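These are the residues of each chain, in order.
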Amino acid sequence: MLPAQSRMRRSADFGATVKQGRRAVQPDVIVYSRVAGDRRAPETSATAPPQVGLIIAKSVGSAVDRHRVARRLRHVARDMLRELRTGEQVVIRALPSSNGATSDALRTQLRAGLRSLHRSGGVAR
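Residues numbered from 1 in each chain as written. Predicted model: local features only at pLDDT ≥ 70, side-chain atom pairs only at ≥ 80, totals over all residues. Heavy atoms only, no water.

Draft legend 1. Structural view of the overall build of the protein chain. Counting secondary structure elements, the protein chain contains 3 helices and 4 strands. Here the protein chain holds 125 residues, and 44% of them are scored as buried. Restricting to contacts in the protein chain with at least 6 residues of sequence separation, those with at least 24 account for 77%. Roughly 6,400 Å² of accessible area belongs to the protein chain as shown, and the carbon and sulfur atoms make up 52% of that amount. (Helix = DSSP H or I, 4+ residues; strand = E, 2+ residues; numbered from the N terminus. Buried < 20%, exposed > 50% of the residue type's maximum accessible area, 1.4 Å probe, protein only. Contact = heavy atoms within 4.5 Å. Areas by Shrake-Rupley, 256 points an atom, 1.4 Å probe, with all protein chains shown as cover.)

Draft legend 2. Layout of the packing of helix H2 (residues 63–80) against helix H3 (residues 103–120). Their axes nearest at 10 Å, the elements H2 and H3 cross at an angle of 45°. Compared by their axis directions, H2 and H3 come out oblique. When you trace H2 past H3, the crossing you get is right-handed. Contact residues: H2 offers Arg72, Leu73, His75, Val76, Ala77, Asp79 and Met80, while H3 offers Ser103, Leu106, Arg107, Leu110, Arg111 and Leu114. Within the contact of H2 with H3, the residues separate by chemical class into 7 nonpolar, 2 polar and 4 charged. (Axes fitted to C-alpha atoms, helices over the stretch in contact; angles between N-to-C directions. Parallel < 35°, antiparallel > 145°, perpendicular 65-115°, else oblique. Left-handed = near helix turned anticlockwise from the far one by under 90°. Nonpolar A, V, L, I, M, F, W, Y, C, P; charged D, E, K, R; others polar.)

Draft legend 3. Representation of the pattern of salt bridges. A complete count under the given rule lists 6 salt bridges for this structure. The shortest N-O distance in the salt bridge between Asp13 and Arg10 comes to 3.8 Å. A residue is classified by how much of its surface remains accessible, and Asp13, at 12% relative accessible area, is buried. You can call Arg10 exposed: its relative accessible area is 52%. Across the salt bridge formed by Glu83 and Arg111, the nearest N and O atoms sit 2.9 Å from each other. (Salt bridge = Lys/Arg side-chain N within 4 Å of Asp/Glu carboxyl O.)

Draft legend 4. Inspection of the nonpolar core at higher detail. Within the largest apolar cluster, 21 residues are counted, with the highest numbers of intra-cluster contacts made by Val31, Val52, Leu73, Val90, Ile92, Leu110 and Leu114. Breaking this core down by element, the ones donating at least two residues are strand E2 (29–34), H2, strand E4 (89–94) and H3. Among the elements that take part in this core, H2 stands out by supplying 5 residues, more than any other. Ignoring anything within four residues of it in the chain, the contact list for Leu73 reads Val29, Leu54, Ile56, Ile92, Ala94 and Leu106. Within the second largest apolar cluster, 8 residues are counted, among which are Tyr32, Ile55, Val91 and Leu95. (Core = buried A, V, L, I, M, F, W, Y, C linked by side-chain atoms within 4.5 Å.)

Draft legend 5. Molecular detail of H2. With 18 residues, H2 extends 25 Å from end C-alpha to end C-alpha; this agrees with the ideal 26 Å at 1.5 Å per step. Among the residues making up H2, those that are buried are Asp65, Val69, Ala70, Leu73, Val76, Ala77 and Met80. Around the axis of H2, the buried residues are gathered within 135° of arc, so they sit on the same side. Residues of H2 that are exposed and angled more than 90 degrees away from the buried face: Val64 and His67. (Expected span 1.5 Å × (residues − 1). Arc of directions from axis to C-beta.)

Draft legend 6. Fine view of the pairing of strand E3 (residues 51–56). Relative to E4, E3 is paired through 6 bridges, and the arrangement is parallel. Paired with Val52 across the bridge in E4 is Val90. Handedness of the β-α-β unit built from E3, H2 and E4 comes out left-handed. (Pairing = 2+ DSSP bridges. Right-handed = clockwise from strand over helix to strand, strands pointing away.)

From the geometry alone we can't say anything about function, so treat these as descriptive.
Dropping the structure here:
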C-alpha cells in the first residue's frame, strides 16, 4: 500500500500529469511524470512528497483482474518512491497486457520507464 501522502487523489492532478507531463511507453504500462519546478507543472509544490496515481481501464480485464493489477502496481510503486524526485507526480497507466504480467515484469518496466524519464526528460507532449 502507498503511504497516504504519496497517493494522487485529485482528478485534476491525474489530468495535468497525463496531458502536460512526459511519458515513457513500456510493453505493459505507460508511465507519465511531472516534476515541480518544471514549466509544465507550476502548481505543484517543490517541497511536496512524490505522488503516484494509477489508471486501470476496463480493457485490462474483469474487476478481479483490474484489482490484481492495481495491487501489483501499488506494491511496485511503493518500492520506487525513494527514487522519485521531491514534488514529482507519476501516473501509471496499465495496458491490457498488464493483466498477464508478473510483478517482476511490472517492476522492471516501471523502473525502466522512470529511468528513461529522469535521464532524458522523456517524451514531451
